[in-house]
Amino acid sequence: MRKILILATVLALAGCGGGGGGSSQPQPPPVQTTAPQGGLVTPTFTITIPGPGTSSSQRAPNGQRKPSFVSPGTHSVVITLTSVDGNAATAAGIHPNPVETDLNPPNCTAGCTVNGPPSPPGHLDAYSIVTYDTAGGTGAQLDRATASITPVAGQNNSVNVTLMGIPFTIAISGVPAAFQANTAGQTADLTVTVKDHAGATITGTYASAVTISDPDAETTNGTKLTCTPPNTGATCVATLNAGTNSSVSIADSTNGARLNYGGLAENPVVLASSNADVTANSGTAGTGTFTPLLNAITSDGTNATTAYSGGGPGVDLFTTDNTSSIGYSGILKYGELGFTNSPYNKQLTTNPTGNTGACSTFATLATGANVSNETPFTATVIASPAVGVCTVTVTDSLTDQPNALPTFKVTYTTSSVNASSKNRHQR
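On a predicted model such as this, the values are computed, not experimentally measured, just so you know.

Chemist: For this particular structure, what's the right way to read the sheet that holds strand β26 (residues 375-381)?
Modeler: Backbone-to-backbone hydrogen bonds join strands into a sheet, with any given pair of strands oriented parallel or antiparallel. Read across the sheet, 3 strands follow the order β23-β26-β25 without closing on themselves; strand pairing throughout is antiparallel. In the strand order of this sheet, the two ends are held by β23 (329-334) and β25 (363-367), each with one partner. Going across the sheet, the axis of each strand differs from the next one's by a mean of 20°, ignoring polarity.

Chemist: Hey, could you run me through the packing of aromatic side chains in this one?
Modeler: Ring pairs (aromatic) are described by centroid distance and by the angle formed between their planes. Following the criterion strictly, the structure yields 6 aromatic pairs and no others. Measuring from ring centre to ring centre gives 6.0 Å for Phe179 and Phe290, while their planes differ by 70°; the resulting arrangement is edge-to-face. Separated by 111 residues along the polypeptide, Phe179 in the loop between β11 (169-173) and β12 (186-195) and Phe290 in strand β20 (residues 287-290) bring together distant segments of the chain. The interplanar angle of 65° and the centroid separation of 5.0 Å between the aromatic rings of Tyr261 and Phe290 together place this pair among those described as edge-to-face.

Chemist: Teacher, can you tell me more about the state of the cysteines here?
Modeler: Each disulfide consists of one covalent bond between the sulfur atoms belonging to two cysteines. Using the criterion set out here, one finds 3 disulfides in the structure. Bridging Cys108 to Cys112, the disulfide has an S-S length of 2.0 Å. On the sign convention where negative is left-handed, the bridge of Cys108 and Cys112, at about -100° about the S-S bond, is left-handed. Cys112 matches Cys108 in its accessibility class, with the two residues each being buried. Between the sulfur atoms of Cys227 and its disulfide partner Cys236 the distance amounts to 2.1 Å. With the S-S bond torsion at -95°, the cross-link from Cys227 to Cys236 turns out left-handed. Sequence-ordered numbering of the bonded cysteines in the chain gives a disulfide pattern of 1-2, 3-4, 5-6.

Chemist: Any chance you could explain the sheet that holds strand β17 (residues 257-261) here in plain terms?
Modeler: Across the sheet, 5 strands lie side by side as β14-β17-β12-β11-β19; this open sheet has mixed pairing. Edge strands, defined here as strands with exactly one partner in the open sheet, are β14 (223-227) and β19 (284-285). Taken together, the 5 bridges between β11 and β12 define a ladder with antiparallel strand orientation. Each residue of the ladder has a partner; that of Ser173, found in β12, is Thr191.

Chemist: I tried to follow the pattern of salt bridges on my own but got confused; where do I start?
Modeler: A full pass over the atoms with the stated rule returns 3 salt bridges. The salt bridge involving Arg144 is made with Asp277; its shortest N-O contact spans 2.9 Å. Taken together, the residues span a long stretch of sequence, with Arg144 in strand β9 (residues 141-149) and Asp277 in helix α1 (residues 276-280) at a distance of 133 residues. For Arg144, a relative accessible area of 25% translates into the label partly exposed. The class for Asp277 is buried, based on a relative accessible area of 10%. Here Arg258 ties to Asp189 by a salt bridge, and the two come within 2.6 Å at their closest N and O atoms. Of this pair, Arg258 sits in strand β17 while Asp189 sits in strand β12, and the two are 69 residues apart along the sequence.

Chemist: Explain the nonpolar core here, please?
Modeler: Among the nonpolar cores identified, the biggest contains 49 residues, and Ile212, Val248, Leu317, Tyr334, Phe408 and Val410 are the most heavily contacted of them. At 4 residues, β12 tops the list of elements feeding residues into this core. Apart from the residues within four sequence positions on either side, Ile212 is in contact with Ile172, Val192, Leu225, Ser246, Ser247, Val248, Ile250, Ala272 and Ser273.

Chemist: Where do I start with the environment of Ala242 in this structure?
Modeler: Looking at where Ala242 falls in the secondary structure, it is placed in the loop between β15 (236-241) and β16 (245-252). Measuring from C-alpha to C-alpha, the distance between Ala242 and Lys224 comes to 9.6 Å, with 18 residues separating the pair along the chain.

Rules used throughout
- Residues numbered from 1 in each chain as written.
- Predicted model: local features only at pLDDT ≥ 70, side-chain atom pairs only at ≥ 80, totals over all residues.
- Heavy atoms only, no water.
- Pairing = 2+ DSSP bridges.
- Helix = DSSP H or I, 4+ residues; strand = E, 2+ residues; numbered from the N terminus.
- Axes fitted to C-alpha atoms, helices over the stretch in contact; angles between N-to-C directions.
- Phe/Tyr/Trp six-rings, centres within 6.5 Å; stacked < 30°, edge-to-face > 60°.
- Disulfide = S-S within 2.5 Å.
- Buried < 20%, exposed > 50% of the residue type's maximum accessible area, 1.4 Å probe, protein only.
- Salt bridge = Lys/Arg side-chain N within 4 Å of Asp/Glu carboxyl O.
- Core = buried A, V, L, I, M, F, W, Y, C linked by side-chain atoms within 4.5 Å.
- Contact = heavy atoms within 4.5 Å.

Spelled out as C-alpha cells, the structure:
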C-alpha cells in the first residue's frame, strides 16, 4: 500500500496597510495536500490581504501584539523553493519553481490559499515569498519574506511567517521650528513614515532598514540623532561619529528618531533618509530641515576709540604726526549668544577682513581670540596711509541669520595748520 504524505504549510501572511483599526483577521484552517507522484508534496500558503482601514497582528515572543504587514495593493504572489537542506533547489530538478498566483485583494480579506512549488518532505525546505502590485508576478514588489520548514510525513505542518513591507518612500516629520540658540538640552521626537510602492504605510518590520542621518559635525553642541526612547538595540541602532555626524538605523514602524539640540548657532541642518530598496527602485528618500532661531550679533560699543558721527561705533585712526603713523590702532568687540559665548566659543569675522577692500589704503583688520564671550576686531594703520573711511560688517557667516548684521566705521584723518607772517613797516 502506497503511503500518502500530507503537508499543510500554512504561512500566515496577515497584516495591515494604510493604518486602520485594530481587529484581527480570522485565519482559515490548514489545508491538507496529498503528495503527487515522485514523493513530493505541494505546500499551501494562506495570504490575507486587508482592506483599506483594517489591520491585524500576531503575538510576538514577549507577548506583545506585533503588527505584521501585507500591502492592500497586492495583486499577485510568487513563491520560490530556494533551497533543500541548504542546497540550491534547482539542483533537485523541481518544477514548476517558482509558482505565481494572481490575487484579487477584495477576495482575500478572509484569506486566500495558494500553492507553492513541489517540495520534498523530511528535508529542510526554504522558500521566498514576494508580492507584487500587478498580476502575473510583475510590476513593483510590495512585500517579501522567507520561510523554512521540515515537513513530517503524515502530519499537518504549520509555520508562521510575517511578510515585510518593501520601502519605496520615506518621509520625516516633526522637525522642530522653534528651538532657540544658546539653550542646550532641547529635544524633539521625529516621525518617520515609510510607504510601499502602492502608497500604503508599512507597519511592522521593514524589508530593509531605514536610516536617518544628521550631517552635523558639531555633535557636542549642535544636533545629533538618537533612537526615540525606549527603542534601542535590534530595532533601532544609533551611531555617533564625533566630529562627523550621527545616524539611526530603524528596523520597523514602532521606531522613530530623536533630534537632540545643544544650542549652537549654526546653519540649517538637513536630516536625510536612505534605504537600499528605495535606492534600488528609484523611490523617494525624504528629508527634514532643522533651522535654529539665532540671536543678534551685538556690541556694547565701549571698546571703540570713538563713536563715529555717522551712526554706530567706529574707530578713528587719527594722528597728529603724519610722518610716523604706524602703530595707531583701535579695537571693537562683538558677541552673539549661542556662538561666541561658552561653551560654543565660535569666532565672528568681518567683511572686509585683513588688508582687503576699502580699508586697505589706510588700515588692516585683524580678528583676535574671544575675550569675555566676545570676538575682538583690531584696526591698525598701515605705513603711508591715505585719508579715508570704510564700513566693516561683522558676521557669523551663517546663511539663516534673521537679524541685521552690525557694521562699524574705520577712518583715518589728518589735519594741518598753515601759518603766515606779514612784515610791518616802521614809521
